[in-house]
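# Topology and contacts: notes
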Amino acid sequence: MSDATFTPRVFSGIQPSGGLTLGNYLGAMKRFVDMQDADRFECIYCLVDLHAITVWQDPAALTRNTRELCAGFIAAGIDPEKSILFNQSQVPEHAQLGWVFNCVARMGWMGRMTQWKDKAGKNAEAASLGLFAYPALMAADILAYHATHVPVGEDQKQHLELTRDIAAKFNHDYGVDFFPLTEPVIEGAATRVMNLQDGTKKMSKSDPSDRTRINMTDDADTIARKIRKAKTDPEPLPDSVAGLEDRPEARNLVNIWAGLADLGVEDVVAQNAGKMFGYFKQDLADLAVAKLAPISTEMSRLMQEPDEIDRILSRGSDRAREIAAPILRQTFDIMGVVRA
Ligand code: AMP
Ligand code: TRP
């Protein structure tokens, strides 16, 4: 890696493309709060609306989802004074550096991205050009701040490897040590929260069935009901983590418990060994309601004040721009772009 030293800086993003799920919360947002509170990093959190529009978004829904996501960040514990919280399209440097990286990244690299293959499906000809270029914009999000650490869920690992490849190719092509090779931070028991009805699929905001996920806007009764009805197998809980192998639904519920309670998977197994899932799910429902219901209540309260939310995003965008603008300027200088 490079000899240059970079300020310890965290960047991460979530798309305002639908409601927030428990997967987003445990895999991303809760960990964003931990990193903010650790006081070791400057933290920048972005609502990546330019990524959301790589697939069609209804305009009214995009507005609502953006405000709701902002409310979710704050309700989960992000302090918009301490961290920088903003939406991507208000900071034009993202799109500008994204274009530069479209010219650095290779078609072959992009074509190998599993998220592209999954989202484009069989009809790649009909997918937007933006969906194909999505990971180059993501690299721009991160590198416009020289971010050193990026907390994400497991599904983003490949995109972060590509971000390093883009940084390394730029540095190599221009003979500089300018962009850092960012570290992915994929930690904890719940970096891949699975679908409540099918433990082999990821919990997703885009699944057509609402029973498969917990939304951060669900009320206490809905959260409890979805957990009680989650698919499990007929065996009781094992007495060791190894006993969860080949039991994806059981493993997922144990992971969710560990994520919500800040425990290791071994501790959850030790506490619940031999318990039948009917009882385990009741206790998990109580835990989930205790942790999540206050967040959903606070989100609804904040959603009553859209002007305040917009003000927070606008102020966050100004702060973000102060960091990103000089980095973009230096990038153009390195490339020999003439400007007055
Ligand atoms: P997205 O909603 O796709 O913008 O994802 C935002 C963040 O949430 C990323 O860091 C994802 O890796 C994370 N994430 C999304 N779904 C899950 C899941 N089911 N389990 C864990 N992390 C997730
Ligand atoms: N691609 C990420 C996702 O869907 C969202 C994202 C966009 C992101 N830019 C980012 C995450 C930069 C981390 C850093 O989950």
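Treat the numbers as computed from the prediction; the structure is a model and nothing was measured.

Entries for the protein in the domain assignment read domain 1 (9-191 + 305-335) and domain 2 (210-301). On a C-alpha basis, the centroid separation for the pair domain 1 and domain 2 is 29 Å. Counting residues at the interface gives 14 residues for domain 1 and 17 residues for domain 2. Together domain 1 and domain 2 conceal approximately 1300 Å² of surface at their shared face, both sides included; 70% is due to carbon and sulfur atoms. The three residues of domain 1 that bury the most area against domain 2 are Leu22, Ala75 and Ala189, which together make up 37% of that side's buried surface.

Moving on: the site of ligand 2. Within the structure, ligand 2 sits among 13 residues, and Gln15, Tyr134, Met138, Asp141 and Gln156 are positioned closest to it. Gln15 is positioned such that a nitrogen or oxygen atom in its side chain is 3.0 Å from an oxygen atom of ligand 2. Contacts to ligand 2 include Asp141, whose side-chain N or O atom sits 2.7 Å from a nitrogen atom. Burial of ligand 2 by the surrounding chains reaches 91%, relative to a free accessible area of 360 Å². Secondary structure elements with two or more residues in the shell around ligand 2: strand 1 (9-14) and helix 7 (129-143). When residues in the shell around ligand 2 are grouped by element, the largest group, four residues, is from helix 7.

Across all of its chains, the model carries twelve aromatic pairs by this definition. Centre to centre, the rings of Phe32 and Tyr45 are 4.6 Å apart; their planes meet at 10°, and the pair counts as stacked. In this pair, Phe32 is assigned in helix 1 (residues 22-37) and Tyr45 in strand 2 (residues 42-47), connecting sequence segments 13 residues apart. For the pair shown, Phe32 and Tyr45 are each scored as buried. By the ring-pair criterion, three or more aromatic residues cluster together here, those being Phe101, Phe170, Tyr174, Phe178 and Phe179.

Before going further, it helps to spend a moment on helix 8 (residues 157-174). An α-helix turns once every 3.6 residues. As a result, residues three or four positions apart point the same way. Between its terminal C-alpha atoms helix 8 stretches 26 Å, which fits the 26 Å expected from 18 residues at 1.5 Å a residue. Listed in full, the buried residues belonging to helix 8 are His159, Leu160, Leu162, Thr163, Ile166, Ala167, Phe170 and Asn171. Looking one or two residues past helix 8, Gly175 carries a phi angle of roughly 60°, positive in sign.

Here we come to the site of ligand 1. Near ligand 1 lie 18 residues; those nearest to it are Gln15, Gly153, Asp155, Val193 and Lys205. When residues of the shell around ligand 1 are traced back to their parent elements, those giving at least two are strand 1 and helix 1. The greatest single-element share of the shell around ligand 1, amounting to four residues, is contributed by helix 1. Residues belonging to the shell around ligand 1 are distributed by class as follows: six nonpolar, eight polar and four charged.

Thresholds, definitions, all that
Residues numbered from 1 in each chain as written. Chains lettered and ligands numbered in written order. Predicted model: local features only at pLDDT ≥ 70, side-chain atom pairs only at ≥ 80, totals over all residues. Heavy atoms only, no water. Domains from an automatic or database assignment. Contact = heavy atoms within 4.5 Å. Buried area = accessible area lost by both parts, 1.4 Å probe. Near = heavy atom within 4 Å. Polar contact = N/O pair within 3.5 Å; in protein donor to acceptor, adjacent residues only side chain to side chain. Areas by Shrake-Rupley, 256 points an atom, 1.4 Å probe, with all protein chains shown as cover. Helix = DSSP H or I, 4+ residues; strand = E, 2+ residues; numbered from the N terminus. Phe/Tyr/Trp six-rings, centres within 6.5 Å; stacked < 30°, edge-to-face > 60°. Buried < 20%, exposed > 50% of the residue type's maximum accessible area, 1.4 Å probe, protein only. Expected span 1.5 Å × (residues − 1). Nonpolar A, V, L, I, M, F, W, Y, C, P; charged D, E, K, R; others polar.

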